[in-house]
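A closer look at the structure
Here's the letter readout for the chains.
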Amino acid sequence: MSPNGAPQVDVDVIIVGAGVSGIGAATRLARELPSKSFVMVDARDNIGGTWDLMRFPGIRSDSDLITYGFSYKPWTHEQAIAPGPAILDYLREAVVEYDLASKLRLGRRVLTADWSSADARWTVSMLNTATDEVETLTARWVFSATGYYDHAAGYRPTFPGEEDFAGRIVHPQEWPADLDYTGKRVVIIGSGATALTLVPAMAGTAAHVTMLQRSPSYVIPMPSQDLVFCGLKKFLPTQRAFRIARRANILRLRAIIGLSRTHPEKTRRLIRWVNKRSLPEGFDVDTHFKPAYKPWDERMCLVPDGDFFKSVKAGSASVVTDHIRRFTRDGIELESGQVLPADLVVTATGMNLLPFGAIGATVDGRPVDWSETVTFKSMLLSGVPNFVYAFGYTNNSWTLKVDLVTDHWCRLLKHMDAQGFDTVVPEIADPAMGRRMFIEDLSSGYIKRGIAAFPRQGVDGPWTAEMTYATDVERLQRGPVADPALVFGTMKLLQEVDAR
Ligand SMILES: Cc1cc2nc3c(=O)[nH]c(=O)nc-3n(C[C@H](O)[C@H](O)[C@H](O)COP(=O)(O)OP(=O)(O)OC[C@H]3O[C@@H](n4cnc5c(N)ncnc54)[C@H](O)[C@@H]3O)c2cc1C
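Read on for a plain summary of the structure. Bear in mind the structure is a predicted one, so any value in this text is a computation, not a measurement.

So, how was this worked out
- Residues numbered from 1 in each chain as written.
- Predicted model: local features only at pLDDT ≥ 70, side-chain atom pairs only at ≥ 80, totals over all residues.
- Heavy atoms only, no water.
- Near = heavy atom within 4 Å.
- Polar contact = N/O pair within 3.5 Å; in protein donor to acceptor, adjacent residues only side chain to side chain.
- Areas by Shrake-Rupley, 256 points an atom, 1.4 Å probe, with all protein chains shown as cover.
- Helix = DSSP H or I, 4+ residues; strand = E, 2+ residues; numbered from the N terminus.
- Nonpolar A, V, L, I, M, F, W, Y, C, P; charged D, E, K, R; others polar.
- Core = buried A, V, L, I, M, F, W, Y, C linked by side-chain atoms within 4.5 Å.
- Buried < 20%, exposed > 50% of the residue type's maximum accessible area, 1.4 Å probe, protein only.
- Contact = heavy atoms within 4.5 Å.
- Salt bridge = Lys/Arg side-chain N within 4 Å of Asp/Glu carboxyl O.
- Pairing = 2+ DSSP bridges.
- Axes fitted to C-alpha atoms, helices over the stretch in contact; angles between N-to-C directions.
- Expected span 1.5 Å × (residues − 1).

For the ligand, the set of nearby residues contains 34 residues, the closest of which are Ser-21, Asp-42, Asp-62, Ser-63 and Tyr-68. The separation between an oxygen atom of the ligand and a polar main-chain atom of Asp-62 is 2.6 Å. The fraction of the free accessible surface of the ligand (970 Å²) that becomes covered by protein chains is 94%. Residue assignment for the shell around the ligand shows that the elements contributing at least two residues are helix H1 (20–32), helix H2 (50–53) and strand E4 (108–116). Of the residues forming the shell around the ligand, the biggest block, 3 residues, is contributed by E4. A per-class count over the shell around the ligand returns 15 nonpolar, 13 polar and 6 charged.

Shown next, in the form of structure tokens:
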């Protein structure tokens, strides 16, 4: 029995997911509440999540690592827009620094999580992918750091005539390790961050790379080095230079998004001017780089040092904006009648959203339908006790949000310990409360396709899912943890009530 009379558990917390969010949760817990016991499980055999899964050429962030890295672990490399392997190294370093190796249970896919109010604990079942055996663990808390998309397979529409194509078709999420594209004619279908990363990485080695897009995105060059950090580092200690640079980057992005929202036409014209300067003389900027949507209605694509534009300028890559009619034996025929010859087609068509790693959860035997829950402060869920999740920003560094969530959660745990509470659950007082989709201000295809399966948000108070860092700082970092919507419980109280 625990001091409160609750039945014992194997660990205080099970963190599901050992990507940047899971490692963020683990390092925060180790720093703030070293007496809490926890394990971090992941279906993969390595840590790193996205940064381990994605192996396509050129894989890199498009956020600066000064804001993407943990607030308490400075990113010290010269390159702030970092290659995937460097991000993995940073995460491995964090595992060593915080002594997390003994907490890792890799090769474990969590299948179910069952909450028992009588025992104030979760029973989590997981498949050991090496032995095919199901193991169980009990915990006071589940921290879901499962990311937002299905690692098993990317989004891959089928195209007419694919079976006639003599070349190879690959999805970036399942990049074959032995794929040799030297001297090949490559067509990359897509216009998002992945396509824009692949183009310069493959150009030069391939005979030619064509990016084929249905519609344009906003593409903006940015320096790969963080000039503020590199400048400050010369005369300030690294930690201090990092803190100032992080703050500066947060404010800069906030100003850019703010300006884009208040002055969309001016922002458009500015981006067009930058694009025109980056592209060859006479390039049709309006056809290929003038989206129909407003800046930041979808995430902007940032390209480090304009590498994408350099490939187009050098003639090793080109952009085609058109629709696919069909695949032929030798390439792709477009609606315009143009034919793109290809030996290799890369479908950079996106991902499939997946809430909470497909974990089947129950609360006291009642199955949880995630889409019927409502988010509380973008970290807890209505009606689901002792369950916290990390879902980062879609318009900023993902991890800025995770940092605030783990901070608030640790404060909540300290509050509960001080008051002798074992359980906490957000409860909606007014069943008629309005509900909205979890993400509303982003119209990207992958969001539209999959967001309905995610929790809802309410219309005000703690029930909104904020996507603005400044608002979240007020709510999660500065705001109190106690809230009228939170129902706290203790086993001791329950047992006394039962005894009476
Ligand atoms: C190519 C690419 C580039 C990106 N670049 C940026 C960027 O520059 N900036 C940015 O902010 N965001 C970027 N993102 C978004 C990125 O996914 C997030 O930044 C971040 O990596 C998400 O981390 P995570 O730990 O929450 O999830 P993930 O990285 O997806 O990791 C989740 C982990 O949970 C595990 N898991 C899931 N379900 C289960 C289960 N049932 N049982 C056990 N384990 C489970 C998975 O195996 C995985 O390891 C990028 C995404 C991609 C695909």
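To continue, consider the nonpolar core. Ranked by internal contacts, the top residues of the largest apolar core, which has 130 residues, are Trp-141, Ile-188, Met-202, Phe-308 and Trp-409. Element by element, the count of residues in this core is highest for helix H11 (residues 398–419), at 10 residues. For Phe-308, the contacting residues outside a window of four places in its chain are Leu-196, Val-199, Pro-200, Met-211, Val-219, Phe-289, Val-303 and Val-319. Counting residues in hydrophobic clusters, the runner-up holds 13 residues, among them Leu-212, Leu-334, Ala-342 and Val-345.

Once that is clear, we can look at the pattern of salt bridges. Under the criterion given, the structure shown has 24 salt bridges. Here Glu-93 makes a salt bridge to Lys-73, at a shortest N to O gap of 2.7 Å. Of the two residues, Glu-93 is situated in helix H4 (residues 84–97) and Lys-73 in the loop between helix H3 (65–68) and H4; the sequence distance between them amounts to 20 residues. The salt bridge involving Glu-265 is made with Arg-268; its shortest N-O contact spans 3.9 Å.

Hydrogen bonds between backbone groups are what pair the strands of a sheet, and the pairing can be parallel or antiparallel. The strand order across the open sheet formed by 3 strands is E13-E14-E15, and the pairing between neighbours is antiparallel. Looking at which strands have only one partner, the edges of the open sheet turn out to be strand E13 (324–327) and strand E15 (339–341). Averaged over all adjacent pairs, the angle separating strand axes in this sheet is 20°, with direction ignored. As defined by bridge partners, E13 adjoins strand E14 (residues 331–334) across 3 bridges and the pair is classed as antiparallel. Paired with Arg-326 across the bridge in E14 is Glu-333.

Take the environment of Gly-337 next. Counting through the fold element by element, Gly-337 comes out in the loop between E14 and E15. The exposure class assigned to Gly-337 is partly exposed, which follows from its relative accessible area of 41%. Along the backbone, Gly-337 and Glu-133 are 204 residues apart, and their C-alpha atoms lie at a distance of 54 Å.

Along the chain, Arg-436 turns up in strand E23 (residues 436–437). Given the relative accessible area of 25%, Arg-436 is considered partly exposed. When the C-alpha positions of Arg-436 and Arg-456 are compared, they lie 5.6 Å apart, and in sequence the two are 20 residues distant. In this structure, Arg-436 is in contact with Arg-456, Gln-457, Gly-458, Val-459 and Thr-464, ignoring residues within four places of it in sequence.

Reading across the sheet, the 5 strands line up as E7-E16-E8-E9-E12 and stay open at both edges, with parallel pairing between neighbours. If you trace the sheet from one side to the other, it starts and ends with strand E7 (168–170) and strand E12 (317–321), each paired once. Strand-to-strand twist in this sheet, taken as the mean axis angle between neighbours without regard to direction, amounts to 20°. Where strand E8 (residues 185–189) meets strand E9 (residues 208–213), 5 bridges bridge the pair, whose relative direction is parallel. The residue of E9 that forms the bridge with Val-186 is Val-209.

End to end, H4 covers 20 Å across 14 residues, agreeing with the expected 20 Å (1.5 Å per residue, within 8%). Looking at H4, one finds that the buried residues are Gly-84, Ala-86, Ile-87, Leu-88, Tyr-90, Leu-91, Ala-94 and Val-95. Contacts from the buried residues of H4 go to H1, H2, H3 and strand E3 (104–106). Two residues or fewer past H4, Asp-99 is found with a positive phi of approximately 55°.

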